[in-house]
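Each chain, written out:
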Amino acid sequence: MATTTAPEVKAETIPIYIMGKRYDVPDTLTIMKALEYAGYQYIRGCGCRGGVCGACATVYRKAGDYKIRTGLACQTVVEPEMYLTQIPFYPANRASYDFESLEPTPESIYKLYPELFRCVACNACSKVCPMDVEVLDYISALKRGDIKAAAEISFDCIQCGLCASRCMGEMAQYHIAQLARRLNGGKLTPKAQHLQEICAKIEEGAFDGTLTELKGLDKDALKKLYTEREMEPAMAHDSWKPKSSVGLA
Ligand code: FES
């Protein structure tokens, strides 16, 4: 059988500066891998390694450039003469609230985060966002009282905190946006009818028999059941249905 090999990627070694100290690292590495290559060990400031958790906010400058740049260490590839540091923690105000009793109104947000009105619309928050979230736009939406718009605009936020680190109004935009998304998802968006129906069925015990049966299986039987389960074909038509409806609503 013919085999194929992946093309070889040749890495050059380049100098980077981590917290002021020079290290020579392969130019194919992300900042996160370069830090490890240089001998650092992650205790915090690293979570998913996939650009989702927001733990690895990084600030850097490039040689001969005045501009402060930001990125996620797990996603940004090193460049020659990069001066960088990771922000392991940025102190940010996060309000405490009882979500159940909170009214889904702009006033609830204003009361918990009055600093929202300290925004001077400088847009530094949007410029540093590694997810290209239009932070100023969602803050402006909230100032207009539009919780739904703020929730939608901030949907890609990964809570890295870089917006707060640059804010002239000293607010933690990402915590405010999280509250907007909670209010929108939990209290403003109509509940899906089918979800309510299935929850009611679960509470009525419609699946108790199947669950008891599954709990009685040993590990191998469970594995077999799982690996041999019928799966929906990738290009299935909307009308596709599994042959067996055991355990389904
Ligand atoms: S480690 Fe999770 S976003 Fe970088």
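Counting restarts for each chain: residues are numbered from 1 in the order of the written sequence. Predicted model: local features are reported for residues with pLDDT of at least 70 only, side-chain atom pairs are reported and counted for 80 or more only, and whole-chain, interface and lining totals are derived from all residues. Side-chain measures were taken over the full set of non-hydrogen atoms in the model, leaving aside hydrogen atoms and water.

**Let's talk about the pattern of salt bridges**
Point 1. By definition here, a salt bridge exists when the distance from a side-chain nitrogen of Lys or Arg to a carboxyl oxygen of Asp or Glu is within 4 Å. In this structure the tally under the stated criterion is eight salt bridges.
Point 2. The shortest N-O distance in the salt bridge between Glu152 and Lys148 comes to 3.0 Å. Of this pair, Glu152 and Lys148 both sit in helix H5 (residues 147-153), four residues apart, which is roughly one turn of that helix. The helix count covers DSSP runs of H or I at least four residues long, the strand count covers runs of E at least two residues long, and both are numbered beginning at the N terminus.

**Observations regarding the domain arrangement of the protein chain**
Point 1. For the purposes of this description, domain bounds are those given by an automatic or database domain assignment. Assigned domains of the protein chain: these are domain 1 (13-86) and domain 2 (106-188).
Point 2. When each unit is reduced to the centre of its C-alpha atoms, the spacing between domain 1 and domain 2 is 27 Å.
Point 3. On the domain 2 side, the residues contacting the 10 residues of domain 1 number eight residues.
Point 4. For the pair domain 1 and domain 2, the number of links is zero salt bridges.
Point 5. When residues of the side of domain 1 that touches domain 2 are traced back to their parent elements, those giving at least two are strand E3 (57-61) and strand E4 (69-72). Here a residue-residue contact requires only that any non-hydrogen atoms of the pair lie within 4.5 Å.

**Details of unusual backbone geometry**
Point 1. Look at Met19: it is not a glycine, yet its phi comes out positive at around 50°.
Point 2. Mapped onto the elements of the fold, Met19 is located in the loop between strand E1 (13-18) and strand E2 (21-26).
Point 3. Per-residue accessibility, obtained with a 1.4 Å probe over protein chains only, is compared with the maximum for each type, and a residue is labelled buried under 20%, exposed over 50%, and partly exposed between these values. Looking at Met19, the relative accessible area reads 57%, which means it is exposed.
Point 4. A positive phi angle is found at Arg49, which is not glycine, with a value near 60°.
Point 5. Turning to its location among the elements, Arg49 is positioned in the loop between helix H1 (31-37) and E3.

**Remarks on the sheet that holds E1**
Point 1. Should DSSP find at least two bridges between two strands, the strands are regarded as paired. Pairing within the open sheet is mixed, and its five strands lie in the order E2-E1-E5-E3-E4. What marks the edges here is a single partner per strand, and that holds for E2 and E4. Averaged over all adjacent pairs, the angle separating strand axes in this sheet is 35°, with direction ignored.
Point 2. With four bridges joining them, E3 and strand E5 (residues 82-86) adopt antiparallel strand pairing. Looking at the pairing, Tyr60 lines up with Leu84 of E5. Structural elements are reduced to axes, namely lines fitted to C-alpha atoms, with helices fitted over the stretch in contact, and the angle between N-to-C directions of any two is expressed from 0 to 180 degrees.

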